[in-house]
Amino acid sequence: MATVQETVHPSAVKTAPPAIEVSHLTKAFYDSEGDRVTVAVSDVGFSVARGEFVCIVGPSGCGKTTVLRILADLEQKLSGTVKLHSATPPAMVFQEASVLPWLTVAENIAFPLSLKGVSRAEQEARVRDLLALTGLTEFAKARPHQLSGGMKQRVSVARALVDDREILLMDEPFGALDEQTRLVLQQELLRIWETTGKTVVFITHSVDEALTLADRVLVMSPRPGTLVANLTVPFERPRDVVEMRRDKRFWDMTYEVWRLLASPARD
Ligand SMILES: Nc1ncnc2c1ncn2[C@@H]1O[C@H](COP(=O)(O)OP(=O)(O)OP(=O)(O)O)[C@@H](O)[C@H]1O
């Protein structure tokens, strides 16, 4: 396995028990004849503490989504072990907002609860809380076509939180948004995370976004993706997504991650 660089800084979550443990994870995709076509990830290992916010960065095609889909049990691994210590299955937020166009914002958020047969009164109370948490109260009755891209993604985040799963898996949720909306949603996500204490694994192409959000950043190599660094992000919480850019350490770490990402491609 590639050497994993580690910088150690004090962090409260370090002492928390693990919510996710991945060890020697390898995944290959096969063609219809069963011949191996692509080794997507190779010998990946990491753990995530309960309540920790971990970002995974890496070049396009290195297997970030594959790792997340295996954590979500949407994809089978080839070998290795994946353990989620959680009473509930993880919730997932995708790059494209997954809203149902014929439902209102409130109905979209309530959807997982309606599938579980939760009482209408309980659904309404929970949706009210989530609308407030994600700044959508005024738009409860709006339909998705009346919303901006950022608002639709807020609906997706609210829906992922509505049935209170312990682990939140986010696959480039802000990747399709403009820079300014992205910054606003990053600040909101941090506030929501600080309020709810979820364990979050967040995939991004953006080094900047990873350092803004994460307790730790896992850096992957080009495909077949493996972990090349595990960096603890030293910034205090709560964070201000604009102010933290005045900190020289932010730019030093940006340089460090970019240097790792700029290592030569492996295939
Ligand atoms: N269902 C599939 N069948 C065959 N190959 C696949 C499948 N899903 C992913 N792959 C391949 O596995 C590799 C890793 O893909 P993955 O989507 O995990 O990468 P990624 O790091 O998330 O990429 P990006 O950052 O561009 O979204 C890629 O080479 C991709 O073509």
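What counts and how
- Residues numbered from 1 in each chain as written.
- Predicted model: local features only at pLDDT ≥ 70, side-chain atom pairs only at ≥ 80, totals over all residues.
- Heavy atoms only, no water.
- 1 Å grid on protein atoms, 1.4 Å probe; cavity = no way out; pocket = protein on both sides within 12 Å on 5 of 7 lines; lining within 4 Å.
- Points joined across faces, edges and corners; volume = space filled by probe spheres on them.
- Helix = DSSP H or I, 4+ residues; strand = E, 2+ residues; numbered from the N terminus.
- Nonpolar A, V, L, I, M, F, W, Y, C, P; charged D, E, K, R; others polar.
- Near = heavy atom within 4 Å.
- Domains from an automatic or database assignment.
- Contact = heavy atoms within 4.5 Å.
- Buried area = accessible area lost by both parts, 1.4 Å probe.
- Salt bridge = Lys/Arg side-chain N within 4 Å of Asp/Glu carboxyl O.

Draft legend 1. Main features of the layout of surface pockets. Counted as a void, the largest pocket has a volume near 310 Å³. Along the walls of the largest pocket sit 18 residues, with Pro90, Ala91, Met92, Ala160 and Arg165 positioned nearest its centre. Of all the elements in the fold, those that place two or more residues in the lining of the largest pocket are β6 (91–93), α2 (105–115) and α4 (149–162). For the lining of the largest pocket, the per-class residue count stands at 12 nonpolar, 2 polar and 4 charged. Considered as a void within the structure, the second largest pocket measures approximately 260 Å³ in volume. Partitioning the lining of the second largest pocket into residue classes produces 4 nonpolar, 2 polar and 4 charged.

Draft legend 2. How the structure looks around the site of the ligand. Near the ligand lie 13 residues; those nearest to it are Ser60, Gly61, Lys64, Thr66 and His205. Secondary-structure elements contributing two or more residues to the shell around the ligand are β3 (36–49) and α1 (64–71). Counting residues per element, the shell around the ligand draws most heavily on α1, at 3 residues. In terms of residue class, the shell around the ligand is built from 4 nonpolar, 7 polar and 2 charged.

Draft legend 3. Structural view of the domain arrangement of the protein chain. Assigned domains of the protein chain: these are domain 1 (5–90 + 165–261) and domain 2 (99–164). The C-alpha-based centres of domain 1 and domain 2 are spaced at 26 Å. Facing 17 residues of domain 1, the contacting portion of domain 2 comprises 12 residues. By the criterion of area lost to domain 2, the three top residues of domain 1 are Arg165, Leu168 and Ile192, representing 39% of everything that side buries. Connecting domain 1 to domain 2 are 3 salt bridges. Every element with two or more residues in the side of domain 1 that touches domain 2 is listed here: β7 (167–171) and α5 (179–196). The residue makeup of the side of domain 1 that touches domain 2, split by class, is 8 nonpolar, 4 polar and 5 charged.

Draft legend 4. Representation of the side chain of lysine 27 within the structure. Note that lysine 27 resides in strand β2 (residues 18–30). Other than its neighbours up to four places away in sequence, lysine 27 contacts Thr38, Val39, Ala40, Val41, Thr66, Ile70, Glu75, Gln76, Lys77 and Leu78.

Draft legend 5. Spotlight on unusual backbone geometry. Residue arginine 223 is joined to proline 224 through a cis peptide bond whose omega torsion reads -5 degrees. On the secondary structure map, proline 224 appears in the loop between β9 (216–220) and β10 (227–232). Cis geometry marks the peptide bond from arginine 237 to proline 238; its omega dihedral reads -5 degrees. With a phi close to 50 degrees, histidine 24 is a non-glycine residue in the positive phi region. Structurally, histidine 24 is set in strand β2. Despite not being glycine, aspartate 43 has its phi angle at roughly 55 degrees, a positive value. Tracing the sequence through the fold places aspartate 43 in strand β3.

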